[in-house]
Amino acid sequence: MGVQNSSEASLDEKAVVAAAERALSDIARVRQEVAKVIFGQESVVEQTMLAVLSGGHALLVGVPGLAKTKLVATLGTVLGLSASRIQFTPDLMPSDILGSEVMDQDENGKRSFRFVPGPIFTQLLMADEINRASPRTQSALLQAMQEYHVTVAGARNDLPKPFHVLATQNPLEQEGTYPLPEAQLDRFLLQVDVHYPELAAERQILLETTGVSEAQAGAAISADRLIEIQTLIRQMPVSEKVLDAILSLVRSARPGNGVASTDRHVAWGPGPRAGQAMMLCARARALYDGRLAPSVDDVLALAEPVLQHRMALTFGARAEGMSVRDVIADLVRQAGG
């Protein structure tokens, strides 16, 4: 195998920088289009975008009326993706999501089965109130999220590329819901907490959305361009310092790793998938902010959305009124100090 000379290396580096600069311009256009429709909620838009740019799925948790559904619909338009929405209910069946086989009969009387694809065959799937569906239906979605194909009547059916699930969950009304199993929660790259808007943003919402016409977002990039940006993000360099920070933070959230507060408060912690999510999202966050490489600050900023749905507290910690966010905030303070 030949050794790459310095001129070839510099050409490669120049090509990566040029590709990153084009991606920065595209992402800026995406942000501009989303801002026409979604007012305030910068952290929510950023974290949801990071999940998509990293090629993963996101779980949006917030009370009704905070524009979660509108954000997903807007992203589908702006990113040039085909989008569909499923309203999850207790009586929803796997076939309502995946599709089913129907029997056709031709003019000669010959009968055959034909697969009719369900709403999951899209590039951006809005799974509204995901915890209202039964475990059987949730497991059907789980295979699609992890393996990017579904099996119906023993036949494999590949999903479109790219494929992203943006699910919503109401944290308040838990009657008649089916809590998501830990294995499915782990499939979500990020958990995005959607809070009430700031005063200025809420004022703008009232003014902009109660008139005769509303602003509309337009397409900023195409699905193929999104795939190119996702590939570029995986090629971005990560320094040893950032890698060590990711490993240190993820491992410190697990009991039995020498962190006294974690041993006392955490029943079980994040697995290696949390580190993978952190690596991808830290790169995506750097590019989203106009930088060509992630920093330790990116890791610390992503601690809560990456870790909070991958940890569980002990009974004693819950009895003391602690939350997972309190534990993560303490770990971030220790890492930052």
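Structure first, text after, so check above.
The residue numbers shown here count from 1 along each chain, following its written sequence. Residues qualify for local features only when their pLDDT is at least 70, as the model is predicted, and side-chain atom pairs are given and counted only at 80 or more; totals for whole chains, interfaces and linings, by contrast, use all residues. Side-chain metrics in this entry use all non-hydrogen atoms of the structure; hydrogen atoms and water are not considered.

K.L.:
What exactly am I supposed to notice about unusual backbone geometry here?
P.N.:
Both trends apply: most residues other than glycine have a negative phi, and most peptide bonds are in trans. Across the junction of Lys 161 and Pro 162, the peptide omega takes the value -10°, indicating a cis bond. For Glu 129, which is not a glycine, the phi torsion comes out positive at approximately 50°. The secondary structure listing takes helices from DSSP runs of H or I that are at least 4 residues long and strands from runs of E that are at least 2 residues long, numbered from the N terminus. In this fold, Glu 129 is placed in the loop between strand 5 (124-128) and helix 5 (135-147). Working definition: with a 1.4 Å probe on protein chains only, accessible area under 20% of the residue-type maximum means buried, over 50% means exposed, and in between means partly exposed. Note on Glu 129: relative accessible area 22%, which makes it partly exposed. Positive phi is not limited to glycine here, since Tyr 148 has a value of about 60°. The class for Tyr 148 is partly exposed, based on a relative accessible area of 33%.

K.L.:
Would you mind going over the pattern of salt bridges with me for this structure?
P.N.:
For side chains of opposite charge, pairing can occur when their charged atoms come near one another. Any Lys or Arg side-chain nitrogen found within 4 Å of a carboxyl oxygen on Asp or Glu counts as a salt bridge. In this structure the tally under the stated criterion is 16 salt bridges. The salt bridge partner of Arg 85 is Asp 128, with a shortest N-O separation of 2.6 Å. One end of the pair, Arg 85, is in strand 2 (residues 83-87); the other, Asp 128, is in strand 5, with 43 residues separating them in the sequence. With a shortest N-O distance of 2.6 Å, Arg 310 and Asp 186 are connected by a salt bridge. You can see Arg 310 sitting in the loop between helix 13 (303-307) and strand 11 (312-313) and its partner Asp 186 sitting in the loop between helix 6 (182-185) and strand 9 (190-193), a full 124 residues away along the chain.

K.L.:
What's the story with empty space enclosed by the protein in this structure? I'm lost.
P.N.:
Note on definitions: the grid is 1 Å and covers protein atoms alone; a cavity is a set of points where a 1.4 Å probe fits but cannot get out; a pocket is an open set with protein on both sides within 12 Å along at least five of seven lines; lining residues have an atom within 4 Å of a point. Grid points are joined across faces, edges and corners, and a volume is the space filled by probe spheres set on the points. Counted by the stated rule, this structure contains 2 cavities of 30 Å³ or more. Roughly 50 Å³ of volume is contained in the largest cavity. Together, Lys 36, Val 37, Phe 39, Lys 70, Glu 208, Thr 209, Glu 214 and Ala 215 line the largest cavity. Three residue categories are used. Nonpolar comprises Ala, Val, Leu, Ile, Met, Phe, Trp, Tyr, Cys and Pro, charged comprises Asp, Glu, Lys and Arg, and polar comprises the others, including Gly. Within the lining of the largest cavity, the residues separate by chemical class into 3 nonpolar, 1 polar and 4 charged. Taken together, the elements giving at least two residues each to the lining of the second largest cavity come down to helix 2 (42-53) and helix 3 (68-78). Split by residue class, the lining of the second largest cavity holds 7 nonpolar, 1 polar and 1 charged.

Structural measurements only, silent on function.
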